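# Topology and contacts: notes
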Amino acid sequence: MGIEEKLPAGIILGQVEQLVGLVRKASVWPATFGLACCAIEMMAVGGPKYDIARFGMERFSASPRQADLMIVAGRVSQKMAPVVRQVYDQMPNPKWVIAMGVCASSGGMFNNYAIVQGVDHIVPVDVYLPGCPPRPEMLLDAILKLHDQIKGEKMGAHKRAAEVEAEEKALAATPTIQLKGALR
Ligand code: SF4
């Protein structure tokens, strides 16, 4: 990415992280990406009642190259999966994904071969939003949680250290299949 990735770890990098985090969280541009019924709730946040413009996000981009947030609103069919991935790949870094609704998060009630059982099989997801459909207030809440995440994102040496720590934790964690009560 930019020059901030080359900065050594320390106080200056910490201050750059804070400044960049504040600027980034206040200028997120979503990509237009409604796939099913959840998209209607997503559209509602653009109206005067919920007013997503308060967060500087009223510009839903029709081009992935001018967007950095993908809100996957609705179930993803197997046929649509490569398109979702292509749109994601065309978005510039850094970029974020919200899985909106139970279908996008896990396949939901569509437990069949035609629907991807969670969009995280295709793209990395930052926030999972439950509900069928989630109300516009819930989407705004997910967006605010994503803002907090963006504000605290690490860069350069700090980012690499955080990645190593996360990987170590993941390797030390109990595999999901062995979690009693979760799956059986
Ligand atoms: S979660 Fe509910 S509202 Fe959203 S796409 Fe699935 S069925 Fe439709």
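Note that the structure is a prediction, hence the values are computed from the model and not measured. Residues take numbers from 1 onward in each chain, read along the sequence in its written order. Since the coordinates come from a predicted model, pLDDT governs what is reported: local features require at least 70, and pairs of side-chain atoms require 80 or more to be given and counted, while whole-chain, interface and lining totals use all residues. Side-chain measures here rest on the full set of heavy atoms in the structure, leaving out hydrogens and waters.

## Remarks on the overall build of the protein chain
Rules: Think of it this way: any DSSP run of H or I at least four residues long counts as a helix, any run of E at least two long counts as a strand, and we number them from the N terminus. When we talk radius of gyration, it's over C-alpha atoms, and the globule rule is simply 2.2 Å times the number of residues to the 0.38. Each residue is assigned to one of three classes by its accessible area relative to the maximum for its type, calculated with a 1.4 Å probe on protein chains only: buried under 20%, partly exposed between the two thresholds, exposed over 50%.
The number of helices and strands found in the protein chain is 6 helices and 4 strands. Tracing the protein chain from N to C terminus, the helices and strands come up as α-β-α-β-α-β-α-β-α-α. At 18 Å, the protein chain has a C-alpha radius of gyration in line with the 16 Å of a compact globule built from 184 residues. In terms of overall dimensions, the protein chain has C-alpha extents of about 50 × 45 × 30 Å along its principal axes. For the protein chain, with 184 residues in total, the buried portion stands at 37%.

## Focus on the site of the ligand
Note the threshold: Nearness here has a simple test: a residue counts as near a molecule or strand if at least one of its heavy atoms is within 4 Å of that partner. All amino acids are sorted into three groups, where Ala, Val, Leu, Ile, Met, Phe, Trp, Tyr, Cys and Pro are nonpolar, Asp, Glu, Lys and Arg are charged, and the leftover types, Gly among them, are polar.
Contacts to the ligand come from Ala36, Cys37, Cys38, Gly74, Arg75, Val102, Cys103, Gly131, Cys132 and Pro133. The class makeup of the residues in the shell around the ligand is 7 nonpolar, 2 polar and 1 charged.

## Description of the environment of Ala73
Definition in use: Here a residue-residue contact requires only that any non-hydrogen atoms of the pair lie within 4.5 Å.
By the secondary structure assignment, Ala73 is in strand β2 (residues 69–73). For the pair Ala73 and Gly34, spaced 39 residues apart in sequence, the C-alpha separation works out to 5.0 Å. Every residue in contact with Ala73, bar those within four places of it in the chain, is listed here: Phe33, Gly34, Leu35, Ala36, Cys38, Ala39, Met42 and Met100.

## Comments concerning the pattern of salt bridges
Heads up, the rule is: The salt bridge criterion pairs a side-chain nitrogen of Lys or Arg with a carboxyl oxygen of Asp or Glu, the two atoms within 4 Å.
Per the counting criterion, the structure on display carries 4 salt bridges. Note that Arg85 and Asp89 form a salt bridge whose closest N and O atoms lie 2.9 Å from each other. Here Arg85 and its partner Asp89 are both found in helix α3 (residues 81–90), 4 residues apart, which amounts to about one turn of the helix. Taking relative accessible area as the criterion, Asp89 reaches 45% and is therefore assigned partly exposed. Put simply, Glu137 and Arg135 hold a salt bridge, and the shortest N to O gap is 3.0 Å. Residue classification places Arg135 among the partly exposed residues on the basis of a relative accessible area of 44%.

## Comments concerning the pairing of β2
A regular strand places its side chains on the two faces of the sheet in alternate fashion. So the rule is basically this: Only strands that DSSP links by at least two bridges are regarded as paired with each other. Think of it like this: strands point away, you trace from the first strand over the helix to the second, and a clockwise trace means the crossover is right-handed.
Counted residue by residue, β2 has 5 buried out of 5 residues, so it is predominantly covered. In terms of strand pairing, strand β1 (residues 30–31) meets β2 through 2 bridges, oriented parallel. Paired with Ala31 across the strands is Met70, a residue of β2. Once the chain exits β1 it traverses helix α2 (residues 38–44) before rejoining the sheet at β2, and the crossover so formed is left-handed. The sheet contact formed by β2 and strand β3 (residues 96–100) spans 5 bridges and is parallel. From the neighbouring strand, Leu69 faces β3, where its bridge partner is Trp96. Regarding the hand of the β-α-β motif, the stretch spanning β2, α3 and β3 is right-handed.

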